[in-house]
Amino acid sequence: ILFGPGARIARVEIAEASLQGGRFAGQIAAPERAGLPWRVSAQGPLLDLERALAARSEAAEEGGEEGVPLLIEARFDRVRLGAERALLGLDGRLLLGPRGSIEELRVSGRTAPAAGTFSARVTPRGGGRDVSLEAADAGALLRALGLAQAIEGGRLAVSGRWQGNGAGQPLSGQAVLEGFAVREAPAIGKFLQAITVIGILEAASSPHL
């Protein structure tokens, strides 16, 4: 623990930790002044988010409360999202606003050890935010995120924009998927819902967006 002026905790170093089966190291740094984000960095072989995602879903149903801005930088060999759902080689940077909205995002990874690369960005521009997502294996990414189970393969490209940064801003854009197959015909309806820009990004965004 590093103390700053007035015996204020400025930074907490985590040499090694285990949480819900995950293993990581990192640090938590307090903002130098009001309005700046807390900074959290973590890296390690495994991060298990299954329980955290379930808790986030329950909190969204109850309604969120305003907190503090948070900057998260992470690098993990494997990120578990649920039963038989994981992302590999994840490298990302995420800035969350006081109400949990995604203000900035840069993340990349894979859905298979040597293939299935993907990347996503949320970039501030003007009074809003641009959104982009690309996946070399769309079916594998949709399965990992729990959005669709019957899609096989395909290349996915998503682009969109939030016109503002406040809560409840509409998100508009387009998604292009090429070279994919659908295992079950009835699944196409669920797929069309999941493939919308909003459907994809809701897997990682706040209910207040």
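Model, not experiment: these values are computed from the prediction. (Residues numbered from 1 in each chain as written. Predicted model: local features only at pLDDT ≥ 70, side-chain atom pairs only at ≥ 80, totals over all residues. Heavy atoms only, no water.)

**Looking at the overall build of the protein**
- In terms of regular secondary structure, the protein is built from 4 helices and 11 strands.
- Evaluated residue by residue, the protein yields a buried proportion of 35% over its 209 residues.
- At a minimum sequence separation of 6, the contacts of the protein that also span at least 24 residues come to 46%.
- Here the protein has roughly 12,000 Å² of accessible surface; of this, 54% comes from carbon and sulfur atoms. (Helix = DSSP H or I, 4+ residues; strand = E, 2+ residues; numbered from the N terminus. Buried < 20%, exposed > 50% of the residue type's maximum accessible area, 1.4 Å probe, protein only. Contact = heavy atoms within 4.5 Å. Areas by Shrake-Rupley, 256 points an atom, 1.4 Å probe, with all protein chains shown as cover.)

**Concerning the packing of aromatic side chains**
- Taken as a whole and judged by the stated rule, the model has 0 aromatic pairs.
- Taking NZ or CZ as reference, Arg129 lies 4.2 Å from the ring centre of Trp162, over its face. (Phe/Tyr/Trp six-rings, centres within 6.5 Å; stacked < 30°, edge-to-face > 60°. Lys NZ or Arg CZ within 6 Å of the ring centre and 35° of its normal.)

**Considerations on the environment of Gly35**
- Within the secondary structure, Gly35 is located in the loop between strand 3 (22–29) and strand 4 (38–48).
- On the basis of relative accessible area, Gly35 is assigned to the exposed category, the value being 68%.

**Focus on the pattern of salt bridges**
- For the structure shown, the criterion picks out 10 salt bridges.
- With a closest N to O distance of 2.8 Å, Arg11 and Glu13 form a salt bridge.
- Note that Arg143 and Glu152 form a salt bridge whose closest N and O atoms lie 4.0 Å from each other.
- Overall, the relative accessible area of 23% leaves Arg143 in the partly exposed class.
- The structure contains a network of salt bridges with shared partners spanning Arg39, Glu73, Arg93 and Glu104. (Salt bridge = Lys/Arg side-chain N within 4 Å of Asp/Glu carboxyl O.)

**What about the confidence of the model for the protein?**
- Residue-level pLDDT values for the protein average 81, and 76% of them are 70 or greater.
- Under a pLDDT of 50 for its full length, residues 202–209 has, in the predicted model, 21 contacts with residues more than four places off or in other chains. (pLDDT = per-residue confidence, 0-100.)

**Topic: unusual backbone geometry**
- Its identity is not glycine, yet Glu84 carries a phi of approximately 60°, on the positive side.
- Assessed through its relative accessible area of 87%, Glu84 is described here as exposed.

**Quick look at the environment of Gly127**
- In this structure, Gly127 sits in the loop between strand 8 (115–125) and strand 9 (128–135).
- Under the relative-accessibility criterion, Gly127 is labelled partly exposed at 48%.
- When the C-alpha positions of Gly127 and Gly164 are compared, they lie 5.4 Å apart, and in sequence the two are 37 residues distant.
- Leaving out residues up to four positions away in the same chain, Gly127 has contacts with Arg161, Gln163, Gly164 and Asn165.

**Quick notes on the pairing of strand 10 (residues 151–162)**
- Sheet topology places strand 9 next to strand 10; 7 bridges connect them, and they run antiparallel. For Asp130, the partnering residue across the bridge sits in strand 10 and is Arg161.
- One ladder, built from 11 bridges, connects strand 10 with strand 11 (residues 171–182); its direction is antiparallel. Note on strand 11: the bridge partner recorded for Gly153 is Phe180. (Pairing = 2+ DSSP bridges.)

**A word on the environment of Phe118**
- With respect to the helices and strands, the residue Phe118 is situated in strand 8.
- Between the alpha carbons of Phe118 and Leu87 there is a distance of 9.8 Å; along the sequence they are 31 residues apart.
- Here Phe118 is in contact with Leu87, Leu90, Val107, Ser108, Gly109, Arg110, Thr111, Glu134, Ala135 and Leu141, once residues within four sequence places are set aside.

**A word on the nonpolar core**
- Of all hydrophobic cores here, the largest spans 26 residues; its most connected members are Leu87, Leu105 and Leu156.
- At the level of secondary structure, the elements contributing two or more residues to this core comprise strand 5 (70–82), strand 6 (85–96), strand 7 (102–112), strand 8, strand 9, helix 2 (138–144), strand 10 and strand 11.
- When residues of this core are assigned to their parent elements, the largest contribution, 4 residues, is made by strand 6. (Core = buried A, V, L, I, M, F, W, Y, C linked by side-chain atoms within 4.5 Å.)

**Some thoughts on a nonpolar patch on the surface**
- Among the surface-exposed residues, Ile28, Trp38 and Val68 lie close enough to one another that they form a single nonpolar patch of about 250 Å² accessible area.
- Note that Val68 resides in the loop between helix 1 (50–62) and strand 5. (Patch = residues over 30% accessible without salt bridge, like charges linked within 9 Å, V, L, I, M, F, W, Y side chains within 5 Å.)

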